[in-house]
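Residue-level structural notes
The primary structure of each chain is shown beneath.
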Amino acid sequence: PSPIEDASITLSQALLAPRVWYGIGTADKVVDIDKISVEDVRRKLVANVADAIVAVVTAEEVAEINRVDLKSTLGRLALQQRKVELGGGANIDVVRFKQDVNASRQTLVAGDEQLLQARERLGIALGSKEPYGVPPSIKLDALEAAAGDTCKPGKLEDRPDIRELYARKELATRKVTDADLMYLPTAEVSTTFPGSSEQL
């Protein structure tokens, strides 16, 4: 006799599964929270980049002012030294101007260090390990307008981070309800379609 093969297919359909149906709504809430979270991260990234750009612009202007100040101080020192050489000034004034030059140099070094740190922060905000500078042609008004389009003023409860907190609170409430639904009975209907190669 040849071998006999048996097979069967079982189909099941839930008729009463309140926890599963409620879980679908909970999953939708999780998706909504993730979307709000992405919106909030985008808002924070734009704000961080804008702050970093403004910091670089400010640091560059301060560094340029420091350079002009050092150049001016060196010029005054040279004039005073020439005045002393010609017999029209006192050495005490030369000492004072040299102190001014040293103070200007220290300010210049500190300003350049702050500029370097600001450029590094801008690079990090843009996702790079390299420091980024800002071209002199940049317009802060245009930057403010671009940031304003992304970070529009409005009601406090409309902010993405606040909306996310409310959504998380609602999700936590749904989880409590989900735990309660574990105790409810479920029901399903199933049918089986058997098959066999045996000849009757």
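Residues numbered from 1 in each chain as written. Predicted model: local features only at pLDDT ≥ 70, side-chain atom pairs only at ≥ 80, totals over all residues. Heavy atoms only, no water.

Digging into the nonpolar core
Counting residues in each nonpolar core, the largest one holds 11 residues, listed as Val49, Ala52, Ile53, Val56, Val57, Ala59, Ala63, Leu115, Ala118, Leu122 and Val134. Contributions of two or more residues to this core are made by α1 (18-85) and α2 (91-125). A per-element tally of this core places α1 first, with 7 residues. Residues within four places of leucine 122 in sequence aside, it is in contact with Val49, Ala52, Ile53, Val56, Tyr132, Gly133 and Val134. If you look at the next biggest cluster of nonpolar residues, it comprises 6 residues, including Leu70, Leu77, Val101 and Leu108. (Core = buried A, V, L, I, M, F, W, Y, C linked by side-chain atoms within 4.5 Å. Buried < 20%, exposed > 50% of the residue type's maximum accessible area, 1.4 Å probe, protein only. Helix = DSSP H or I, 4+ residues; strand = E, 2+ residues; numbered from the N terminus. Contact = heavy atoms within 4.5 Å.)

Description of the packing of α1 against helix α4 (residues 160-181)
Direction vectors running N to C along α1 and α4 enclose 165°, while the axes themselves pass 9 Å from each other. By the angle between their axes, α1 is roughly antiparallel relative to α4. In the crossing of α1 with α4, the sense of the turn from one axis to the other is left-handed. Grouping the amino acids of the contact of α1 with α4 by side-chain chemistry returns 9 nonpolar, 4 polar and 12 charged. (Axes fitted to C-alpha atoms, helices over the stretch in contact; angles between N-to-C directions. Parallel < 35°, antiparallel > 145°, perpendicular 65-115°, else oblique. Left-handed = near helix turned anticlockwise from the far one by under 90°. Nonpolar A, V, L, I, M, F, W, Y, C, P; charged D, E, K, R; others polar.)

A look at the side chain of aspartate 40
One can find aspartate 40 in helix α1. Apart from residues no more than four positions distant in its own chain, aspartate 40 is found in contact with Pro160, Asp161 and Glu164.

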